[in-house]
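Overview (structure and organization)
Chain by chain, the residues run as shown.
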Amino acid sequence: MTATTDTSPAASASAASDRAADAVDAVDPELRETARSLHSPVVDWFATHARDLPWRRPEAGAWGVMVSEFMLQQTPVNRVLPVYEEWMERWPRPADLAAEAPGEAVRAWGRLGYPRRALRLHGAAKAIAERHGGEVPGEHAQLLALPGVGEYTAAAVVSFAYGKRHAVLDTNVRRVFARAVSGQQYPPNATTAAERKLARALLPEDDTTASRWAAATMELGALVCTARGPECGRCPIAAQCAWQLAGAPEHQGPARRTQSYAGTDRQVRGRLLAVLRTSKDPVPQSALDRVWDEPVQRARALDGLVSDGLVEPLDGDRYRLPLT
Ligand code: SF4
């Protein structure tokens, strides 16, 4: 995709910040050398092994990339695929989604989980329609200024949709860098400033290669350098991998977080929302009471959905997905 030149203050600020970050990263020539040794094998591997995913096709455009990035945060590709296809067919442009009630976004989100992402995506679509003439903006700072768009999503859209040089740091990329460059089995539980600096230092110089590198490292982490069972035998950078060269030492840091679901408020919220999603009409409290036996937890989950704006309470103890 070709991006138009943006001379807005937001674009200038973003470029200045990138240049400042580059200046800091430029002080470590050894790391630069490591980066150069990794670029070609990883990018070449991606050229032959990348999955054919709909949001990677040219017709997806920046909106398709943005929708996929919202959906893929915390949800695996195979669960995202059918929802993404339906979503893009129904709302092929941001303005199409913006014209609908936010509750329709929550309904179409289905069982992807973390449904506040649907509300955020709807809010971003409205802002794109109102402030950007219906086109997803192509500058990192402009994207970050949209409601519900965080650092990761802004970087991913700039890199994948507009082919610009930007560090894109998701769980998969962090794991690849932790192993291949830092020699650690796992990255820290939360992204650190040191990881961001490392990711910037590893970026190829030119936009095109940097964009491919971002997608390729993500794919390598998803398909080969996986959390539980890295397949080092088919890894294109096995010969340079710091963790392998160190003898694959066991993780020494804090215990890794695991997420449970059964019995949590998240599960109750999911069940309550499932009732509301399948009904076009407002739902009585009695229908919601049937999905979970424990009344205190059920009430807490419902209160949470209301305060998050995912459910709208009506007179007469009835509830529906939000219209505004
Ligand atoms: S060699 Fe193994 S641990 Fe190292 S980057 Fe490749 S898959 Fe990951």
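These numbers were taken from a predicted model, which means no experiment stands behind them. (Residues numbered from 1 in each chain as written. Predicted model: local features only at pLDDT ≥ 70, side-chain atom pairs only at ≥ 80, totals over all residues.)

Of regular secondary structure, the protein chain possesses 16 helices and 3 strands. The C-alpha atoms of the protein chain give 22 Å as radius of gyration, which agrees with the globular expectation for 324 residues (20 Å, within 12%). Judged by the C-alpha coordinates and their principal axes, the protein chain covers about 70 × 50 × 35 Å. Here the protein chain holds 324 residues, and the buried ones make up 36% of them. Pairs at least 24 residues apart make up 67% of the contacts formed inside the protein chain by residues separated by at least 6 positions. (Helix = DSSP H or I, 4+ residues; strand = E, 2+ residues; numbered from the N terminus. Rg over C-alpha atoms; globule rule 2.2 N^0.38 Å. Buried ≥ 20, exposed ≤ 12 C-beta atoms within 10 Å, placed from the backbone. Contact = placed C-beta atoms within 7 Å.)

In the vicinity of the ligand lie 13 residues, with Cys225, Pro230, Cys232, Cys235 and Cys241 positioned nearest. Of all elements in the fold, only α10 (171–180) and α13 (242–245) reach the threshold of two or more residues within the shell around the ligand. Looking at the shell around the ligand, the element that brings in the most residues is α10, giving 3 residues. Residues belonging to the shell around the ligand are distributed by class as follows: 11 nonpolar, 1 polar and 1 charged. (Near = placed C-beta within 6 Å. Nonpolar A, V, L, I, M, F, W, Y, C, P; charged D, E, K, R; others polar.)

Position of Ala239 relative to the elements: it lies in the loop between α12 (207–223) and α13. On the basis of neighbour count, Ala239 is assigned to the exposed category, with 10 C-beta atoms found within 10 Å. The spacing of Ala239 and Ala210 is 29 residues in sequence and 22 Å in space, taken between C-alpha atoms.

Attention now goes to the domain arrangement of the protein chain. Once the domains are mapped, the protein chain shows domain 1 (1–258) and domain 2 (265–320). Distance between the C-alpha centres of domain 1 and domain 2: 34 Å. Of the residues lining the interface, 6 residues belong to domain 1; the matching set on domain 2 comes to 6 residues. When contributions to the side of domain 1 that touches domain 2 are tallied by element, the ones reaching two or more residues are α6 (102–109) and α7 (116–131). (Domains from an automatic or database assignment.)

Glancing now at the sheet that holds strand β2 (residues 312–314). The strand order across the open sheet formed by 3 strands is β1-β3-β2, and the pairing between neighbours is antiparallel. With partners counted over all chains shown, the strands left at the sheet margins are β1 (283–284) and β2, one partner each. Of the strand pairs in this sheet, β2 and strand β3 (residues 318–320) are connected by 3 bridges, and their pairing is antiparallel. Bridge pairing links Glu312 to Arg320 in β3. (Pairing = 2+ DSSP bridges.)

As annotated by UniProt and renumbered to match this structure, "domain: HhH-GPD" (unreviewed entry) occupies residues 71–223. For residues 71–223, the end-to-end C-alpha separation is 19 Å, with 64% helix and 0% strand making up the annotated structure. (UniProt positions renumbered as here; feature names shortened; annotations may be inferred.)

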